[in-house]
Amino acid sequence: MVAFPKSELRAAAGGRCEPEGAESRETEAECGDAKEEKRGQTIVWRNVVLMALLHLAAVYALQLIPRAHPFTWIWSYVCFLITGLGITAGAHRLWSHRSYKAKFPLRMFLAAANSMAFQVYALFKGILGTHNVKYSHTFDASPLASNELYIWDNPLLFKLLYLCAVLFRYYKLSVVMMCFVVPTLVPWYFWDESIWNSYFLPGILRYTICLNCTWLVNSAAHIYGNRPYDKYINPRENCLVTFGAMGEGFHNFHHTFPFDYSASEFGLRLNPTTCFIDFMCLLGLASNRKKATPEMIKSRKLRTGDGSA
Ligand SMILES: [Zn+2]
Ligand SMILES: [Zn+2]
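Definitions and limits used
Residues numbered from 1 in each chain as written. Chains lettered and ligands numbered in written order. Predicted model: local features only at pLDDT ≥ 70, side-chain atom pairs only at ≥ 80, totals over all residues. UniProt positions renumbered as here; feature names shortened; annotations may be inferred. Helix = DSSP H or I, 4+ residues; strand = E, 2+ residues; numbered from the N terminus. Expected span 1.5 Å × (residues − 1). Buried ≥ 20, exposed ≤ 12 C-beta atoms within 10 Å, placed from the backbone. Axes fitted to C-alpha atoms, helices over the stretch in contact; angles between N-to-C directions. Parallel < 35°, antiparallel > 145°, perpendicular 65-115°, else oblique. Left-handed = near helix turned anticlockwise from the far one by under 90°. Contact = placed C-beta atoms within 7 Å. Nonpolar A, V, L, I, M, F, W, Y, C, P; charged D, E, K, R; others polar. Core = buried A, V, L, I, M, F, W, Y, C linked by C-beta atoms within 7 Å. Arc of directions from axis to C-beta.

As annotated in an unreviewed UniProt entry, the chain carries the name Stearoyl-CoA desaturase 5 and is attributed to Astyanax mexicanus. In its Subcellular location (unreviewed entry) section, the UniProt entry covering the chain states "Membrane". As stated in UniProt under Sequence similarities (unreviewed entry), the record for the chain gives "Belongs to the fatty acid desaturase type 1 family."

Structure follows, in structure tokens:
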């Protein structure tokens, strides 16, 4: 189950990465990084302009905070939590890694939360399942680019993709509703907040912060921190990212044991997403949580860890 994949050793040495079957999928493919370097990087100017405008609006929103109703602050934070769960508990741990099972009402909630997050690449990775894809966790302006070979080789996935394209029409509508209309209407309707504050705080500012928290998982948590489970891969344990990304900063652990529903050795500690999944299990809405055993973790630490924990 936890055999150290040869593909990772080759990736660490800058060599070519080959699929290794189920064994290599146990650890999220660092060979993605090697492939990324070879493919080169293109600046997508449309995204640069859109992101610059979004961040300018978010900076403007900051000075609205003192003038807003305290309930609007609380609502903005609630929206932040729902958005985070849509990505962490939904697109990532449920749909990408199938690390637990969720019943229909919970899946509906997570789908709505995922629309609130408006992170299309996360949605596609969730639908396709990063476990089935070699190049996981690589941020790419075109989410399908890294997955295309796998898709064309797989008729079932091709049909799924077609279905997604049809559903995408409705996805756009659900994004407009969940990411902007609902967060804006609630403060305006329930406690007479101005429509301006309602749009910029729980809408624009919350969305921008959530985007940055997700990006930190793919950037900072691959650069800064220790590697107690596998020193041959880039992802690291990063406390700051853990705070911002609702428990997704135990990233060396996660890439070493991607099937683990908690994405961490430490269960509930600093891990709101794990708290949420456990609570859903208590309510009977989730089940079949997969977990790396203490023996697995210990032996892996001894074999490939950097000795930092
Ligand atoms: Zn990663
Ligand atoms: Zn993952």
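Text resumes after the structure shown.
Caption draft 1: How the structure looks around helix 4 (residues 45–62). With 18 residues, helix 4 should reach 26 Å at 1.5 Å per residue; the first-to-last C-alpha distance of 26 Å fits that figure. When you tally the buried positions in helix 4, you get one out of 18 residues, a small fraction of the element.

Caption draft 2: The arrangement of the packing of helix 5 (residues 70–96) against helix 6 (residues 104–117) in detail. In contact at an axis separation of 7 Å, helix 5 and helix 6 are set at 115° when each is read in the N-to-C sense. By the angle between their directions, the pair helix 5 and helix 6 is classed as roughly perpendicular. Our pair here, helix 5 against helix 6, has a crossing hand that is left-handed. Across the interface between the two elements, Cys 79, Ile 82, Thr 83, Leu 85, Gly 86, Ile 87, Ala 89, Gly 90, Ala 91 and Leu 94 of helix 5 pack against Leu 110, Ala 113, Asn 114, Met 116 and Ala 117 of helix 6. Residues belonging to the contact of helix 5 with helix 6 are distributed by class as follows: eleven nonpolar, four polar and no charged.

Caption draft 3: Representation of the nonpolar core in the model. Counting residues in hydrophobic clusters, the biggest one holds 41 residues, and the most contacted among them are Leu 110, Met 116 and Ile 277. Of all the secondary-structure elements, those providing two or more residues to this core are helix 5, helix 6, helix 9 (155–191), helix 10 (195–218) and helix 13 (272–282). Residues contacting Leu 110, with those up to four places away along its chain left out, are Leu 85, Gly 86, Ala 89, Gly 90, Leu 94 and Ala 102. If you look at the next biggest cluster of nonpolar residues, it comprises seven residues, including Phe 250, Phe 253, Phe 257 and Ala 292.

Caption draft 4: Spatial organisation of helix 13. Among the residues making up helix 13, those that are buried are Thr 273, Thr 274, Phe 276, Ile 277 and Met 280. Down the axis, helix 13 shows its buried residues gathered within 160° of arc, on one side only. Of the exposed residues in helix 13, those oriented more than 90 degrees away from the buried face are Phe 279 and Leu 282. Elements in contact with the buried residues of helix 13: helix 5, helix 6 and strand 2 (286–287). Positive backbone phi, at 80°, marks Gly 284, one or two positions downstream of helix 13.

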